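Coordinate inspection notes
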Number of protein chains: 2
Amino acid sequence: MNEERQSGPADVKRRIIEEATRLFGTQGFDGTSIQAIADAVGIRKPSLLYHFASKEALREAAVESLLIHWKNELPGLLTAHISGYDRFSSSLTAAVEFFLEDTNRARLTVREMLDRPETAHARMKEHLSPWTTLLTDYIRMGQESGTIKADVDPASYIIQVMVMVIGTVAIGDIVAALVLPGGGDSMEAKVSELVRICRESLFSSPRKPA
Amino acid sequence: MNEERQSGPADVKRRIIEEATRLFGTQGFDGTSIQAIADAVGIRKPSLLYHFASKEALREAAVESLLIHWKNELPGLLTAHISGYDRFSSSLTAAVEFFLEDTNRARLTVREMLDRPETAHARMKEHLSPWTTLLTDYIRMGQESGTIKADVDPASYIIQVMVMVIGTVAIGDIVAALVLPGGGDSMEAKVSELVRICRESLFSSPRKPA
DNA sequence: CCTACCGATCGGTAGG
DNA sequence: CCTACCGATCGGTAGG
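Note that the structure is predicted; figures quoted are calculated from it, not measured. (Residues numbered from 1 in each chain as written. Chains lettered and ligands numbered in written order. Predicted model: local features only at pLDDT ≥ 70, side-chain atom pairs only at ≥ 80, totals over all residues. Heavy atoms only, no water.)

Topic: the relation of the copies chain A and chain B
Rotating chain A by 180° and translating it 0.0 Å along the rotation axis places it on chain B, where the RMSD comes to 0.0 Å. These values place the two chain copies in the arrangement generated by a two-fold rotation axis. Of all interface residues in chain A, 100% are interface residues in chain B too; the two copies therefore contact each other through one and the same surface. (Least-squares fit on C-alpha atoms with pLDDT ≥ 70 in both. Contact = heavy atoms within 4.5 Å.)

Points about the protein's contact with DNA strand D
Around DNA strand D, a shell composed of 15 residues is seen, among which A:V12, A:R44, A:S47, B:K45 and B:K55 lie nearest. Restricting the count to atoms of DNA strand D within 4 Å of the protein gives a sugar and phosphate share of 51%. Here a phosphate oxygen of DNA strand D sits 2.8 Å away from a polar atom, N or O, in the main chain of A:R44. Within the backbone of B:I34, one N or O atom sits 3.2 Å away from a phosphate oxygen of DNA strand D. For the surface near DNA strand D, the secondary-structure elements that each account for two or more residues are α3 (45–51) of chain A together with α3 (45–51) of chain B. At 4 residues, α3(A) tops the list of elements feeding residues into the surface near DNA strand D. Looking at the surface near DNA strand D, its residues break down into 7 nonpolar, 5 polar and 3 charged. (Near = heavy atom within 4 Å. Polar contact = N/O pair within 3.5 Å; in protein donor to acceptor, adjacent residues only side chain to side chain. Helix = DSSP H or I, 4+ residues; strand = E, 2+ residues; numbered from the N terminus. Nonpolar A, V, L, I, M, F, W, Y, C, P; charged D, E, K, R; others polar.)

Observations concerning the protein's contact with DNA strand C
What surrounds DNA strand C is a group of 15 residues, the closest being A:K45, A:K55, B:V12, B:R44 and B:S47. Each atom of DNA strand C within 4 Å of the protein was classed as base or backbone; sugar and phosphate made up 52%. At 3.4 Å, a side-chain N or O of A:S33 approaches a phosphate oxygen of DNA strand C. With respect to DNA strand C, the side chain of A:K45 contributes an N or O atom lying 3.0 Å from a base nitrogen. Looking at the surface near DNA strand C element by element, the count peaks at 4 residues for α3(B). Its residues assigned to classes, the surface near DNA strand C shows 7 nonpolar, 5 polar and 3 charged.

Some words on the domain arrangement of chain A
Residue and element names in this part refer to chain A. The domains assigned to chain A are domain 1 (1–53) and domain 2 (59–200). Domain 1 puts 10 residues into the contact, and the matching count from domain 2 is 9 residues. In this assembly, domain 1 packs against domain 2 so that about 880 Å² is buried in total across both faces, 68% of it on carbon and sulfur atoms. Counting every contact that joins domain 1 to domain 2 gives 3 residue pairs in polar contact (both at pLDDT 80 or more). The residue inventory of the side of domain 1 that touches domain 2, partitioned by class, reads 4 nonpolar, 5 polar and 1 charged. (Domains from an automatic or database assignment. Buried area = accessible area lost by both parts, 1.4 Å probe.)

Points about a negative patch on the surface
A cluster of acidic residues, A:E73, A:E97, A:E101 and A:E188, forms a negative patch at the surface. By secondary structure assignment, the location of A:E97 is in helix α5 (residues 85–100). (Patch = residues over 30% accessible without salt bridge, like charges linked within 9 Å, V, L, I, M, F, W, Y side chains within 5 Å. Areas by Shrake-Rupley, 256 points an atom, 1.4 Å probe, with all protein chains shown as cover. Salt bridge = Lys/Arg side-chain N within 4 Å of Asp/Glu carboxyl O. Lys, Arg positive; Asp, Glu negative; His and termini not counted. Charge placed at Lys NZ, Arg CZ, Asp CG, Glu CD.)

Topic: the packing of aromatic side chains
Inspection of the entire model under this criterion finds 8 aromatic pairs over all chains. Centroid distance B:F24 to B:F29: 5.1 Å. Interplanar angle 55°. Geometry classified as tilted. Here B:F24 and B:F29 have matching classes, each one buried. Taking the centre distance of 5.4 Å and the plane angle of 85° together, the rings of B:F88 and B:F203 count as edge-to-face. With B:F88 in helix α5 (residues 85–100) and B:F203 in the segment after α9 (187–200), the pair connects residues that are 115 residues apart, well separated along the chain. B:F88 sits in the buried class, given a relative accessible area of 7%. With relative accessibility at 6%, the residue B:F203 sits in the buried group. An aromatic cluster is built from A:W70, A:F98 and A:F99, whose rings are joined through pairwise contacts. (Phe/Tyr/Trp six-rings, centres within 6.5 Å; stacked < 30°, edge-to-face > 60°. Buried < 20%, exposed > 50% of the residue type's maximum accessible area, 1.4 Å probe, protein only.)

This is the structure:
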């Protein structure tokens, strides 16, 4: 009747999702067998299928878990700080570093976008569009008050920032090979250049207005 | 003994690579069977394996073909025009539109970066690093003459531009869903915003110096 | 370029 | 959560 020792069934489910996210992210959905996931968790294949009725159900659970994670963490990280030229840099840096903490999640996200465009489209919209609307409004307000360049297209700007953030985390290391003799500069340099590009193409002047 | 009618063997190889690029790009390497590729071409599976000894050999041929295409077309498109503030925009627009012409190639490229980081790293470096070096040098020269912002990190800047270009083509439509109520603005708007972001974060002043 | 065929692995089920 | 098992499909080969 003890209820705290060892791994409860909820813990097993969590570990399955963890390993699935890692393997789907690095090798892709079709490139990962449920056998391989079961091996990584340390259980047999039919045991995994007791927790998730099908491989497809596991995929959906992994993506859902990923989106919930972002939905819970990102808005607080961003909305609390986006309120001026200086804070813009630090909050965008924090957001990129948040994604960098778990590269597998970023890779799985990109793979989902490639593998199932319509489904990914619908699900991301459902979870994330509420707070991207906030960002769009913030840009429009900045344009009215003159702190943000008038020729910024708010929606397209946010799309490009997201493409840069997720792209840098998912494939930045490989793209870096095209440019650098050594084979890749530090991720730090890429992140600070990303922030610089976003900042200088958004605000009206290099110094914040009074 | 006629040699121009119907499809020669070289033509069949070309069509196999075409269909493989399309299917690998949309469904992934592991998500595409050689049976499916043979069906799309209109031949039997063992016939396909006569032209390419293995599925892996076909993958390599498809990626090689893609890189050769870019290597042949891009340098002329870029180096001829990157020589000032105005031409920068038109040549970057042309480059993005070049990628947009064949979305499958962009998707296959991103998938290769995710599926086989080291191999993709090495092969892209081999084919493309010579002319990215030219771009880096161009930025450094602009910094010395004052037309380009001093705080630009040339290598990281080029990486971010490439991430934006390839990311916009491969997953721009899906990311757009996060932002727009309608479900995605026109690709045109995304491209012109991409160009604006790259331009305004690169040059020293909004008007080109004399 | 084809027919015929192979061993291995896939996702999933039966039954406990 | 396990053992035992299934039909389907996979990449690839033999032989012509």
